[in-house]
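Report on the structure
Take a look at the letters that make up each chain.
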Amino acid sequence: MRLLVIHAHPVPESFNSALCRIVVETAREAGHEVRLLDLYAEGFDPVMSVDERRRYHDDDPPDPKVAAHIAHLKWAEGLIFVYPTWWYSQPAMLKGWMDRVWRPGVTFTVPTPDQPMRPALTNVCLIGVITTLGSPRWFWTFLMGAPGRKILLRGLRFCTARRTRTFWLGLHEMDTTTDAQRRRYMEQVRARIARIPV
């Protein structure tokens with residue numbers, strides 16, 4: 001499978017960055033073709049400009065940086081997101097990437113009076129998430145309603161193939177986990193990535 005890994009953490013020596021390396025290494029070892037978008041490392045600009053927003057629904061060519069990311073999306077059959085959950089959702093960097101790259105005509109069609117919005121990224125048939133969270137599972141899931149999970153596995157999934165498969169792995173209470181708990185989570189991540197069909 002052609003897997004696009006999207007990573008969003010500013011600190012290269014972080015636990016989250018280590019998780020990203022595990023995802024990429026395990027996927028390649030399993031025989032997948034892998035591309036990595038490390039948004040912070042490449043200096044991706046998540047801010048949509050005034051002019052960009054004004055032309056959002058036009059067919060004008062996007063900014064070259066955005067165009068390169070669109071090409072990666074169109075190449076991919078599977079998307080694996082690796083990021084920390086901050087304030088119950090994705091970091092601003094990743095949210096800005098979605099704002100700028102998941103454009104009309106690329107990932108969805110703009111609705112008209114005669115046609116509803118439709119998915120356009122039908123080459124993608126897998127979406128996976130590897131994340132860490134500071135909050136307890138019960139708080140994030142039951143009290144807050146798991147907003148970050150819904151954005152990716154419901155919102156973005158709508159733009160992909162009809163039978164897109166999804167998975168979600170989250171390490172809760174990250175700030176108080178032990179080394180043993182972190183190692184177990186890393187092995188869980190490794191095992192899940194290894195199960196992706198080639």
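In case you missed it, the structure is sitting above this.
Residues numbered from 1 in each chain as written. Predicted model: local features only at pLDDT ≥ 70, side-chain atom pairs only at ≥ 80, totals over all residues. Heavy atoms only, no water.

1. Notes on the packing of helix 1 (residues 15-29) against helix 8 (residues 179-194)
Close contact between helix 1 and helix 8 brings their axes to 9 Å; oriented N to C, the two are set at 30 degrees. One element, helix 1, and the other, helix 8, form an angle in the roughly parallel class. Our pair here, helix 1 against helix 8, has a crossing hand that is right-handed. Between helix 1 and helix 8, the contacting residues are Phe15, Ala18, Leu19, Ile22, Val23, Thr26 and Ala27 on the first element and Arg182, Tyr185, Met186, Val189, Arg190, Ile193 and Ala194 on the second. (Axes fitted to C-alpha atoms, helices over the stretch in contact; angles between N-to-C directions. Helix = DSSP H or I, 4+ residues; strand = E, 2+ residues; numbered from the N terminus. Parallel < 35°, antiparallel > 145°, perpendicular 65-115°, else oblique. Left-handed = near helix turned anticlockwise from the far one by under 90°. Contact = heavy atoms within 4.5 Å.)

2. Observations concerning a nonpolar patch on the surface
Judged by side-chain polarity, Trp138, Phe142, Leu143 and Met144 come together as a nonpolar surface patch covering roughly 500 Å² of accessible area. When you line up the elements, Met144 lands in the loop between helix 6 (137-143) and helix 7 (147-156). The exposure class assigned to Met144 is partly exposed, which follows from its relative accessible area of 34%. (Patch = residues over 30% accessible without salt bridge, like charges linked within 9 Å, V, L, I, M, F, W, Y side chains within 5 Å. Areas by Shrake-Rupley, 256 points an atom, 1.4 Å probe, with all protein chains shown as cover. Salt bridge = Lys/Arg side-chain N within 4 Å of Asp/Glu carboxyl O. Buried < 20%, exposed > 50% of the residue type's maximum accessible area, 1.4 Å probe, protein only.)

3. Comments concerning the environment of Pro62
Looking at the secondary structure, you find Pro62 in the loop between helix 3 (50-54) and helix 4 (64-75). Its relative accessible area of 25% is what places Pro62 among the partly exposed residues. As a C-alpha pair, Pro62 and Leu126 span 64 residues in sequence and 26 Å in three-dimensional space. If sequence neighbours within four positions are ignored, Pro62 has contacts with Ala67, Ile70 and Arg103.

4. Notes on helix 7
Considered for burial, the residues of helix 7 that qualify are Gly148, Leu152, Leu153 and Leu156. Mapping the buried residues of helix 7 onto a view down its axis gives an arc of 115 degrees, with all of them on the same face. Residues of helix 7 that are buried sit in contact with strand 3 (78-85), helix 5 (92-101), strand 4 (126-133), helix 6 and strand 5 (165-171). (Arc of directions from axis to C-beta.)

5. So, the nonpolar core
Membership of the largest hydrophobic core comes to 35 residues, with the highest contact counts inside it found for Ile6, Leu39, Leu79, Phe81, Leu94, Trp97 and Trp102. Breaking this core down by element, the ones donating at least two residues are strand 1 (2-7), helix 4, strand 3, helix 5, strand 4 and helix 7. If sequence neighbours within four positions are ignored, Leu79 has contacts with Leu4, Ile6, Leu73, Trp102, Val124, Leu126, Ile127 and Gly128. The next biggest cluster of nonpolar side chains, apart from the first, holds 25 residues, and it includes Val5, Ile80, Leu171 and Met186. (Core = buried A, V, L, I, M, F, W, Y, C linked by side-chain atoms within 4.5 Å.)

6. Looking at the pattern of salt bridges
For the coordinates displayed, the defined rule picks out six salt bridges. Residue Glu77 is joined to Arg2 by a salt bridge in which the shortest nitrogen-to-oxygen separation is 3.7 Å. Residue Glu77 is found in the loop between helix 4 and strand 3, and its partner Arg2 is found in strand 1; the two are separated by 75 residues along the sequence. The residue Asp99 makes a salt bridge to Lys95 at a minimum N-O spacing of 2.7 Å. Taken together, the residues span about one helical turn, with Asp99 and Lys95 both in helix 5 at a distance of four residues. Judged by its relative accessible area of 37%, Lys95 falls in the partly exposed class.

7. Here we look at the packing of aromatic side chains
Taken as a whole, this structure holds four aromatic pairs when the rule is applied. Ring centres of Phe15 and Tyr185 lie 6.5 Å apart, and the angle between their planes is 35 degrees; this geometry places the pair in the tilted category. Of this pair, Phe15 sits in helix 1 while Tyr185 sits in helix 8, and the two are 170 residues apart along the sequence. Classification of Phe15 by relative accessible area gives buried; the value is 15%. In this structure Tyr185 comes out as buried when scored by relative accessible area, which is 3%. Within the aromatic cluster, the residues linked to one another by ring pairs are Trp87, Tyr88 and Phe139. Across from the ring centre of Trp75, 4.0 Å away, lies the NZ or CZ of Arg35, which sits over that ring. One residue, Arg182, lies across the ring of Phe15, its end atom 5.5 Å from the ring centre. (Phe/Tyr/Trp six-rings, centres within 6.5 Å; stacked < 30°, edge-to-face > 60°. Lys NZ or Arg CZ within 6 Å of the ring centre and 35° of its normal.)

8. Here we look at the packing of helix 4 against helix 5
Closest axis-to-axis distance for the helix 4/helix 5 pair is 10 Å, and the angle between their directions is 85 degrees. By the angle class used here, helix 4 and helix 5 are roughly perpendicular. Only Trp97, Arg100 and Val101 of helix 5 make contact with helix 4, whose side of the interface consists of Val66, His69, Ile70 and Leu73. Among the residues forming the contact of helix 4 with helix 5, the class breakdown is five nonpolar, one polar and one charged. (Nonpolar A, V, L, I, M, F, W, Y, C, P; charged D, E, K, R; others polar.)

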